[in-house]
Amino acid sequence: MNSLNSEAFVLFDQHILWSDMIGNLFGLAALALGWRRSIWTWPVQFLAGLILFGAFFGHLTGSAGKQAVVMAVALYGWWQWNRGRSQAEDGHIAVRFATWRERGAMIAAAAAGTVAVALLFKAYPTLSWDPWPDAYIFVGTIVAMYAQARGMVEFWFAWLLVDLVGVPLNFANGYAFSGFVYVIYGALVLWGLRDWWLRSRAAAQPALEGAPA
């Protein structure tokens, strides 16, 4: 893993690490596969988490812990999509908007989780350089992946909110490639949001009388 943590190149005076670059490219691919509702989004996300875990372990323990949780949620997403992959007519997972109760539960979990994780980071300063934004990204990522696993359109909104903090935080902590990738994430999120939104509306419309199912 030491070779993966070596410098790949310098871009705009930012030192790009191999592990940072490779792990985030896999993460980008996982997001694109999620847009296409491909079940392969989850093993690719798991691999991205594994590489980034190796990149952070030993000096950014909080970020490494985040990747461990990401890998666990990726396994949950793989299981969940395997169960529901035939819900849509094209054989993929069906997408929908969350109910108001589900939205309230996710917002409450995100708020409480962010406070709890930030306090943990503050109590143990070695876990994070920036406790509050790091906790926000940590919990926001988990909430986004959970919503994705459940086929909720709100998954994309959650990713947008994570991006707003993730871009400056990664640049500030020296993970420039992560920052660049988060910018690309933003564009993919907007396209994915549009696609899932339209699919959820089409699925919600009742079939016309006399039309084929």
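Residues numbered from 1 in each chain as written. Predicted model: local features only at pLDDT ≥ 70, side-chain atom pairs only at ≥ 80, totals over all residues. Heavy atoms only, no water.

**Quick notes on the overall build of the protein chain**
Then, number 1: Per the secondary structure count, the protein chain includes seven helices and two strands.
Then, number 2: Element order for the protein chain, N to C, with α for helix and β for strand: β-β-α-α-α-α-α-α-α.
Then, number 3: Taking all 213 residues of the protein chain together, 46% fall into the buried category.
Then, number 4: Expressed as a percentage of contacts within the protein chain between residues at least 6 apart in sequence, the contacts between residues at least 24 apart total 64%.
Then, number 5: Summed over its atoms, the accessible surface of the protein chain is roughly 11,100 Å², and 68% of this surface lies on carbon and sulfur atoms. (Helix = DSSP H or I, 4+ residues; strand = E, 2+ residues; numbered from the N terminus. Buried < 20%, exposed > 50% of the residue type's maximum accessible area, 1.4 Å probe, protein only. Contact = heavy atoms within 4.5 Å. Areas by Shrake-Rupley, 256 points an atom, 1.4 Å probe, with all protein chains shown as cover.)

**Some points on helix 2 (residues 41-56)**
Then, number 1: Taking 1.5 Å as the rise per residue, helix 2 with 16 residues should run 22 Å; its terminal C-alpha atoms sit 22 Å apart, in good agreement.
Then, number 2: Where helix 2 is concerned, the buried positions are T41, W42, V44, Q45, A48, G49, I51, L52, G54, A55 and F56. (Expected span 1.5 Å × (residues − 1).)

**A look at the side chain of Q148**
Then, number 1: By the secondary structure assignment, Q148 is in helix 5 (residues 131-149).
Then, number 2: Judged by relative accessible area, Q148 falls into the buried class, the value being 5%.
Then, number 3: Among all residues touching Q148, those that are not within four sequence positions of it are G34, T41, W42, W81, F155 and W196.

**Topic: unusual backbone geometry**
Then, number 1: For R37, which is not glycine, the phi dihedral falls at a positive 60°.
Then, number 2: Looking at the element boundaries, R37 is found in the loop between helix 1 (18-35) and helix 2.
Then, number 3: We classify R37 as buried; its relative accessible area is 5%.

**A few points about the packing of helix 1 against helix 6 (residues 154-172)**
Then, number 1: Contact geometry for helix 1 and helix 6: axes closest at 12 Å, N-to-C directions at 150°. The angle between helix 1 and helix 6 falls in the class roughly antiparallel. Considering only the axes of helix 1 and helix 6, their crossing is left-handed. Of the residues in helix 6, those in contact with L31, G34 and W35 of helix 1 are F155, W156 and W159.
Then, number 2: In terms of residue class, the contact of helix 1 with helix 6 is made up of five nonpolar, one polar and no charged. (Axes fitted to C-alpha atoms, helices over the stretch in contact; angles between N-to-C directions. Parallel < 35°, antiparallel > 145°, perpendicular 65-115°, else oblique. Left-handed = near helix turned anticlockwise from the far one by under 90°. Nonpolar A, V, L, I, M, F, W, Y, C, P; charged D, E, K, R; others polar.)

**Here's the deal with the nonpolar core**
Then, number 1: In this structure, L31, W42, F155, W156, W159, Y182 and W196 are the most contacted members of the largest nonpolar core, which totals 42 residues.
Then, number 2: At the level of elements, helix 1, helix 3 (61-84), helix 4 (100-123), helix 5, helix 6 and helix 7 (176-204) are the ones that each hand at least two residues to this core.
Then, number 3: Here this core takes 10 residues from helix 5, the largest share from any one element.
Then, number 4: When neighbours within four sequence positions are excluded, W196 is seen to be in contact with G34, W35, R37, W81, V95, Q148, G151, M152, V153, F155 and W156. (Core = buried A, V, L, I, M, F, W, Y, C linked by side-chain atoms within 4.5 Å.)

**Some words on helix 4**
Then, number 1: Over its 24 residues, helix 4 extends 34 Å from the first C-alpha to the last, a length consistent with the 34 Å expected when each residue adds 1.5 Å.
Then, number 2: Within helix 4 the residues assigned to the buried category are M106, G113, T114, V117, A118 and F121.

**Focus on the confidence of the model for the protein chain**
Low-pLDDT stretches of the model should not have their predicted coordinates read in fine detail.
Then, number 1: Model confidence for the protein chain is summarised by a mean pLDDT of 80, while 78% of its residues fall at 70 or above.
Then, number 2: Counting contacts from residues 206-213, a segment whose pLDDT is below 50, to residues more than four positions away or on other chains yields one contact. (pLDDT = per-residue confidence, 0-100.)

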